[in-house]
Protein chains: 2
Amino acid sequence: MKTVSFANIKPGGFWGDRIELNRTSTIPSVYDRFTETGRFRSFRCDWKEGMPDKPHFFWDSDIAKWIEAAAYSIELHPDPRLEEIIDGVVDLIEKNQQEDGYFNVYFTVVDPENARFKVRDWHELYCAGHLLEAAIAYYKATGKEKFLNLMRRYLELIERVFAVEHSAEFDTPGHEEIELALIKLYDLTGEERYLKLCSYFIETRGTSEKDKNIPSWAKPEYYQSDVPVREFTAAEGHSVRALYLYCGIADLAARTGDESLMNVCRRMFDDIAGRQMYVTGGVGAGPSGERFTEGYVLPNDLAYAETCASIALALFARRMSAIEPDSKYADVAETAMYNGSLSGVSLDGKSFFYMNPLEINLERRRVYEEYYTFDKTYKPITQRVEVFDCSCCPPNVARFIASIGDFLYSYDDDTVYIHHFMRSEAEFDGVSIIQQTEYPNEGEVRITVRGMKGKKLAVRIPGWCGFVSLGGEKLNAPVKRGYAFVDVSQDEETFDFWFEMKPQFISCNPAVEFNLDRVCLRRGPLVYCAESVLNGGVNLNNILLDISGRVGLEFCEETGTYAALADAFEELPRDELYFGCEDIKVKKTKIKMLPYFAFANHGESDMEVWMRKGKGNA
Amino acid sequence: MKTVSFANIKPGGFWGDRIELNRTSTIPSVYDRFTETGRFRSFRCDWKEGMPDKPHFFWDSDIAKWIEAAAYSIELHPDPRLEEIIDGVVDLIEKNQQEDGYFNVYFTVVDPENARFKVRDWHELYCAGHLLEAAIAYYKATGKEKFLNLMRRYLELIERVFAVEHSAEFDTPGHEEIELALIKLYDLTGEERYLKLCSYFIETRGTSEKDKNIPSWAKPEYYQSDVPVREFTAAEGHSVRALYLYCGIADLAARTGDESLMNVCRRMFDDIAGRQMYVTGGVGAGPSGERFTEGYVLPNDLAYAETCASIALALFARRMSAIEPDSKYADVAETAMYNGSLSGVSLDGKSFFYMNPLEINLERRRVYEEYYTFDKTYKPITQRVEVFDCSCCPPNVARFIASIGDFLYSYDDDTVYIHHFMRSEAEFDGVSIIQQTEYPNEGEVRITVRGMKGKKLAVRIPGWCGFVSLGGEKLNAPVKRGYAFVDVSQDEETFDFWFEMKPQFISCNPAVEFNLDRVCLRRGPLVYCAESVLNGGVNLNNILLDISGRVGLEFCEETGTYAALADAFEELPRDELYFGCEDIKVKKTKIKMLPYFAFANHGESDMEVWMRKGKGNA
């Protein structure tokens, strides 16, 4: 099965707006921050002790992800100024690449003693992987080969050290990422050596004695290194590392047909989607080590749910969709795309979240810090910021949005799968698909195809959708694993799908104790949240959503989506500390809710996704 | 208004059993533990560096409280062996008391450099106060004056140093206690100097420059020293210290008629009862500093709620009842007596809680410690232990139970107030009162009085009671501030009161976010709790009490009270992580609940006081 590249898709609508904002605001803004903080300058490799802006050991990856985002943007919207910046960086890489192909700013200027793969946890291969992805993206966007060739030289070193001489101090990356970059290079060049190197890293994982040399605070499972990958039973450890690895495994399995690797992917996916994922598509609940915790441990206010992890989950789910279409994959990808990933960037595109909590309660936080001495090293942020010391998320969200079109289609000789809905025009392999839709705001999707006569269109039925019509009639096409299969019988044919999109109140498995007696509001792919700042400063603790009430919708320019106005009850303040349970006093009220991705854009505020459940008279 | 001493009351029923258990089990058991740990031996004052069992700076108070408990026990039940032990301790005090009257084991043998009131936070005056209370109790129980005279000698020193020469390094106690001991001595001797010294400590508090010399981690309000006591607006700081101070203020106000001091007491009481008290009568929610927090900060699992603090609250409320009878005071005292104080000791009388949480969730605790790095220095205990390093609570609960009769009656020339109900026979000032009742299990109380012809009986109507009858008819006597006033017209007269005692589901003020959508079960003065260990290991998170269901009662020998069997719903396990809110699956079940005071007697277990609220079909 082939995947259609974003480069073949002209975006519009909701995502078209986001891509444009990404181009005009996020990419320049991240560039400015990375310039101010010395990240770009660091590629000159002239930093010396005592100078400001000491390079960090994964700044290379920050710049690489920014280049990748910029390259994607250039592909859809040529931009000589961006090319000039990237060419400048590439020149510096060329200048500072070492004799044997090695390139890493930190280990060149800060810690040359430890250069060349001496410490597993210091991200050399992770940086190499991101630089390689950037080089591939830039080559595809511009046809310029220099960056790519520099990285291929670097890969020769890596291949020799790891897979031939085994002379590094460890055998597999401490932070996975290079695996999926190698697959991209294999796909681009067709050279088996890259597939083999990827396979080497994946198959060696969990079997190496050398790899046990890790920091004392971590355990092998933190690095997905406790057992060989085929023996994985649940998603464990650092969530971004884990998910990049699963992406690499899926990529490898897709190219080798290795069913036992596919089974690993299936187990990991089901574990995450069924036990470890926030309703927003956020994952990695544990702040200490930004990691997966265990099933059903999903606290809302202490959620870590790193933006990068939600993006990585979407990337993993996208790969699974393309290998074995089942709507459960695209459902998860969609949830992450519209909620836990997109929440990582502000509505103006300029500031970012690293953590994406599902609840902010400023008063509780104050009280706990005052009286209950949480570990003070963990201080969840409540407002977006422009740059972090550890700033992996801003360029990651930029490259994710720029290439969002990658999620839409995959195809084989007989069938084109439509995984996601987005106003767009696509051209690939003689096929043209136009989607006319107001998605995610409305469930109508008009799909016009050309060049598919005699083939099938497999259209995903979203998991949130209870009723689907096609051409105004209840859908009666065969549905397999959540995809409706319709025959295309004309050269140009139009299909009018309608996915009923109602506001829905969602409950959570009772094993998640934080959500007991609570519901969240979802409409289509958008999960909603309430902020006190948009509701006259109301104490959200006192609000019960009326699940038998009405949810009004009102279009909101600022978010490009509907705001919801939900019937609710407000439990009233009272004097008594304790009283008979029949005597609870409530009044009817309405609560304004915005899509989760838009929270924290109106000043510091309490916020809730999971709200108390009220019904009838409360 | 006079208070009737426990010494005038022959106890029976529920408290009679507890007093007997206290005498036969708790007092000997605490004696054994204090002997094993070297506390008794420390009074020999022969400890030297390198020896085991280094005396702690408030071991004097541990022994003093044990003596006080033993003295109370002797008063109701003579015991030559206990007298022998106490006489031995008194001989050691005599032997080791210094020339000028100073007595303190720690500062004699461990840290003589700092002896004689150099460090405010080191409890010298607190120990002196407890020794004085013990001496008074022992004198009253046996008529032996030696201990009392030794302590009066010590007080001469204290009076001179603090109130005459002002030569100590601080002006008022870091840990209050001596204030109420001085009042007891004043009441016993009639000597004004003790009242004056008490008044000095209370009036000087919050006005002294010297007192600002406190440990860096604390703030003046922790010591109730930020402002003069008359300016107190809310209960603050270390909860036992605060409440002992409020006791002292109430005692002083009662004897001087100082209305502005009474107002302080009223404000503190209303703040505590209305905003800072657990439904069990536990107070001092904050573990860091075992202190009051602020209004409505009452977490269940992280509750500190020290046994001593609940006892101190009962003592404060008892004083308020006797000054200005209002049932709100005795309601609070009763709640603390039957729940948050009594929970401090096990059913066999031998092991103890320092903290009294309202919820134990072992799994949550494990998860939080694993992933969310709470301050590891705070580890709530889940099982009672026989002795603590800081073992203030065991002897405190022993003296509290031994003298529980103190709570029952107060009187003036016209009226006898019955504050509490307890099977008992009382004789005082020519009056005899017999209570025949199965309280707290049944609401019937037959009160037979003699020697009260022409006077009034003021009988408290408990706050939990919705319907009261007298002689089989709905009560129609005048009720003032929660007391029913009935005329006694015969030499011997019997009043049959019935306080309707139904199982009740109680809700909590929504400002306490921990109890949102939760209820607790109360019947009469007893608050109930559920333990998983008594319910087949059920996950209490999944249980919803059916507030429109039935609560069965079954007498339980082990606790001397009814166990409750409450209709409930169990939310069933399911596969999906998220699902439509109408699709919650429950089954009917029943949950066994015991009175809160009896929790943690059947092995380590989850426990909940506040349970999820279910109704109708859940």
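Residues numbered from 1 in each chain as written. Chains lettered and ligands numbered in written order. Predicted model: local features only at pLDDT ≥ 70, side-chain atom pairs only at ≥ 80, totals over all residues. Heavy atoms only, no water.

**Q** How should the overall build of chain A be read in this particular structure?
**A** Each helix and strand counted, chain A has 14 helices and 24 strands in total. Computed over the C-alpha atoms, the radius of gyration of chain A is 25 Å, within 12% of the 25 Å expected from 2.2 N^0.38 for a compact globule of 618 residues. Considering only C-alpha atoms, chain A reaches an extent of 80 × 70 × 50 Å along its principal axes. Across the 618 residues that make up chain A, the buried fraction comes to 64%. (Helix = DSSP H or I, 4+ residues; strand = E, 2+ residues; numbered from the N terminus. Rg over C-alpha atoms; globule rule 2.2 N^0.38 Å. Buried < 20%, exposed > 50% of the residue type's maximum accessible area, 1.4 Å probe, protein only.)

**Q** Just checking my understanding: could you explain unusual backbone geometry for this structure?
**A** Excluding glycine, residues mostly carry a negative phi; peptide bonds, for their part, are mostly trans. Note that the residue after tyrosine 439 of chain A, namely proline 440 of chain A, is joined by a cis bond; omega there is 5 degrees. Note on placement: proline 440 of chain A falls in the loop between strand S7 (431-437) and strand S8 (444-450). One non-glycine residue, arginine 116 of chain B, lies in the positive phi region at around 65 degrees. With respect to the element layout, arginine 116 of chain B can be found in the loop between helix H4 (105-109) and helix H5 (124-142). Of note, alanine 305 of chain B is a non-glycine position whose phi angle comes to about 45 degrees, a positive value. When you line up the elements, alanine 305 of chain B lands in the loop between helix H10 (259-276) and helix H11 (307-323). Alanine 305 of chain B sits in the buried class, given a relative accessible area of 1%.

**Q** Sorry if this is basic, but what is going on with the domain arrangement of chain A here?
**A** As a measure of interface size, the accessible area lost when the parts come together is often cited. Residue and element names in this part refer to chain A. We note that the domain assignment places domain 1 (409-499) and domain 2 (504-614) within chain A. If you average the C-alpha positions of domain 1 and of domain 2, the two centres end up 35 Å apart. At the interface, five residues of domain 1 touch ten residues of domain 2. Of all residues in domain 1, the largest losses of buried area upon contact with domain 2 belong to Pro440, Asn441 and Trp464, amounting jointly to 83% of the total for that side. Seen at the junction of domain 1 and domain 2, the total is one salt bridge. For arginine 523, the salt bridge goes to glutamate 442, with nearest N and O atoms at 3.7 Å. Looking at the side of domain 1 that touches domain 2, its residues break down into three nonpolar, one polar and one charged. (Domains from an automatic or database assignment. Contact = heavy atoms within 4.5 Å. Buried area = accessible area lost by both parts, 1.4 Å probe. Salt bridge = Lys/Arg side-chain N within 4 Å of Asp/Glu carboxyl O. Nonpolar A, V, L, I, M, F, W, Y, C, P; charged D, E, K, R; others polar.)

**Q** Just to check I follow, could you spell out the packing of aromatic side chains for this structure?
**A** What describes a pair of aromatic rings is the distance from one ring centre to the other and the angle between the planes of the rings. Residues and elements named next belong to chain A. Using the criterion set out here, one finds 88 aromatic pairs over all chains in the structure. The interplanar angle of 35 degrees and the centroid separation of 5.5 Å between the aromatic rings of phenylalanine 14 and tyrosine 338 together place this pair among those described as tilted. Placement of the pair is phenylalanine 14 in helix H1 (residues 13-36) and tyrosine 338 in helix H12 (residues 327-341), with a sequence separation of 324 residues. Between tyrosine 411 and phenylalanine 428, the ring centres sit 5.0 Å apart and the planes meet at 40 degrees, which makes this aromatic pair tilted. (Phe/Tyr/Trp six-rings, centres within 6.5 Å; stacked < 30°, edge-to-face > 60°.)

**Q** It is not clear to me how the sheet that holds strand S5 (residues 415-418) of chain A should be interpreted in this structure. Could you clarify?
**A** Within a beta sheet, neighbouring strands are joined by backbone hydrogen bonds and run either parallel or antiparallel to one another. Residue and element names in this part refer to chain A. Strand order in the open sheet made by the six strands is S1-S4-S5-S9-S13-S12, with mixed pairing throughout. With one partner strand each, in any of the chains shown, strand S1 (2-3) and strand S12 (479-480) form the two edges of the open sheet. Two elements, strand S4 (residues 409-411) and S5, share three bridges in a ladder whose sense is antiparallel. Within S5, the residue paired with serine 410 across the bridge is tyrosine 417. The sheet strands contacting H12 are strand S9 (456-460) and strand S13 (483-487), and the helix crosses S9 at an angle near 50 degrees. (Pairing = 2+ DSSP bridges. Axes fitted to C-alpha atoms, helices over the stretch in contact; angles between N-to-C directions.)

**Q** Hey, could you run me through the relation of the copies chain A and chain B in this one?
**A** Two copies of one chain are present, and they are related through a rotation about an axis combined with an axial shift. For the pair chain A and chain B, the best superposition has an RMSD of 0.0 Å and corresponds to a rotation of 180 degrees with a translation of 0.1 Å parallel to the axis. In short, the pair behaves as if placed about a two-fold rotation axis. (Least-squares fit on C-alpha atoms with pLDDT ≥ 70 in both.)

**Q** Any chance you could explain the pattern of salt bridges here in plain terms?
**A** Close approach of charged atoms allows side chains with opposite charge to pair. Inspection of the entire model under this criterion finds 106 salt bridges over all chains. Arginine 612 of chain A is the partner of glutamate 571 of chain A in a salt bridge, and the nearest nitrogen-oxygen pair spans 2.8 Å. Remark: arginine 612 of chain A occurs in strand S24 (residues 611-614) and glutamate 571 of chain A occurs in strand S20 (residues 561-571); sequence separation between them is 41 residues. Its relative accessible area of 3% is what places glutamate 571 of chain A among the buried residues. By relative accessible area, which is 2% here, arginine 612 of chain A ends up buried. Of the charged contacts in the structure, one is a salt bridge between lysine 456 of chain B and aspartate 487 of chain B, with a shortest N-O distance of 2.6 Å. Within this pair, whereas lysine 456 of chain B is found in strand S9 (residues 456-460), its partner aspartate 487 of chain B is found in strand S13 (residues 483-487), the two being separated by 31 residues in sequence. Via salt bridges that share partners, Glu68, Glu133, Lys184 and Arg399 of chain A belong to a single interconnected network.

**Q** Quick question: what am I supposed to make of the side chain of asparagine 509 of chain B here?
**A** Relative to the helices and strands, asparagine 509 of chain B is located in the loop between strand S15 (503-508) and strand S16 (518-523). Of the polar contacts made by the side chain of asparagine 509 of chain B, one reaches the backbone oxygen of arginine 574 of chain A; its length is 2.9 Å. Within the structure, asparagine 509 of chain B has its side chain in polar contact with the backbone oxygen of glutamate 576 of chain A (distance 3.0 Å). Ignoring sequence-local partners within four residues, the contact set of asparagine 509 of chain B consists of Arg574, Asp575, Glu576, Leu577 and Phe579 of chain A together with Tyr296 of chain B. (Polar contact = N/O pair within 3.5 Å; in protein donor to acceptor, adjacent residues only side chain to side chain.)

**Q** When you look at the pairing of strand S15 (residues 503-508) of chain A in this model, what are you seeing that I'm missing?
**A** Across four bridges, the pairing between S15 of chain A and strand S16 (residues 518-523) of chain A is antiparallel. Residue pairing for S16 of chain A: proline 503 of chain A is matched across the bridge by arginine 523 of chain A. Bridge count for S15 of chain A against strand S21 (residues 578-580) of chain B is three bridges, and the pairing is antiparallel. Paired with isoleucine 506 of chain A across the two strands is glycine 580 of chain B, which belongs to S21 of chain B.

**Q** Would you mind going over the environment of valine 4 of chain B with me for this structure?
**A** All names here are of chain B. Here valine 4 is to be found in the loop between strand S1 (2-3) and strand S2 (9-11). Residue valine 4 is classed as buried on the basis of its relative accessible area of 2%. When the C-alpha atoms of valine 4 and glutamate 192 are compared, they prove to be 22 Å apart, with 188 residues separating the residues in sequence. Among all residues touching valine 4, those that are not within four sequence positions of it are Ile9, Gly405, Asp406, Tyr409, Tyr411 and Phe428.

**Q** What am I meant to see in helix H7 (residues 178-189) of chain B here?
**A** Because an α-helix packs 3.6 residues into every turn, residues spaced three or four apart end up facing the same way. Residue and element names in this part refer to chain B. Here H7 is twelve residues long and its end C-alpha atoms lie 16 Å apart, about the 16 Å a rise of 1.5 Å per residue gives. Every buried residue belonging to H7 is among Ile178, Glu179, Leu180, Ala181, Leu182, Ile183, Leu185 and Tyr186, and all of these are buried. The elements touched by buried residues of H7 are H5, helix H6 (146-164), helix H8 (192-204), helix H9 (239-256) and H11. A positive phi of about 75 degrees marks glycine 190, the residue just after H7. (Expected span 1.5 Å × (residues − 1).)

**Q** In this structure, what is going on with the interface of chain A and chain B? I would like to understand it.
**A** If you look at the interface, chain A gives 66 residues, while chain B gives 66 residues. Carbon and sulfur atoms supply 53% of the area buried between chain A and chain B, which totals about 5100 Å² over both sides. At the junction of chain A with chain B, the criterion picks out eight salt bridges. One can count 28 residue pairs in polar contact (both at pLDDT 80 or more) joining chain A with chain B. With seven residues, helix H13 (residues 362-371) of chain A is the largest single contributor of residues to the side of chain A that touches chain B. In terms of residue class, the side of chain A that touches chain B is built from 34 nonpolar, twelve polar and 20 charged.

**Q** Before we go on, may I ask you to explain the sheet that holds strand S14 (residues 492-499) of chain A in this structure?
**A** Residues and elements named next belong to chain A. If you trace the seven strands from one edge of the open sheet to the other, you get S2-S6-S7-S8-S14-S10-S11, paired in antiparallel fashion. Single-partner strands in this sheet number two, and they are strand S2 (9-11) and strand S11 (473-474). Strand direction decides the pairing type here: strand S10 (residues 468-470) and S14, joined by three bridges, are antiparallel. Paired with leucine 470 across the two strands is phenylalanine 497, which belongs to S14.

**Q** What exactly am I supposed to notice about the packing of helix H7 (residues 178-189) of chain A against helix H9 (residues 239-256) of chain A here?
**A** The packing of two helices is summarised by the inter-axis angle and the distance between the axes. All names here are of chain A. Two elements in contact, H7 and H9, have axes whose closest approach is 8 Å; the angle formed by their N-to-C orientations is 30 degrees. Taking contact as the criterion, the partners of Glu179, Leu180, Ile183, Tyr186 and Asp187 in H7 are, on H9, Tyr244, Cys247, Gly248, Asp251, Leu252 and Arg255. By residue class, the composition of the contact of H7 with H9 is six nonpolar, one polar and four charged.

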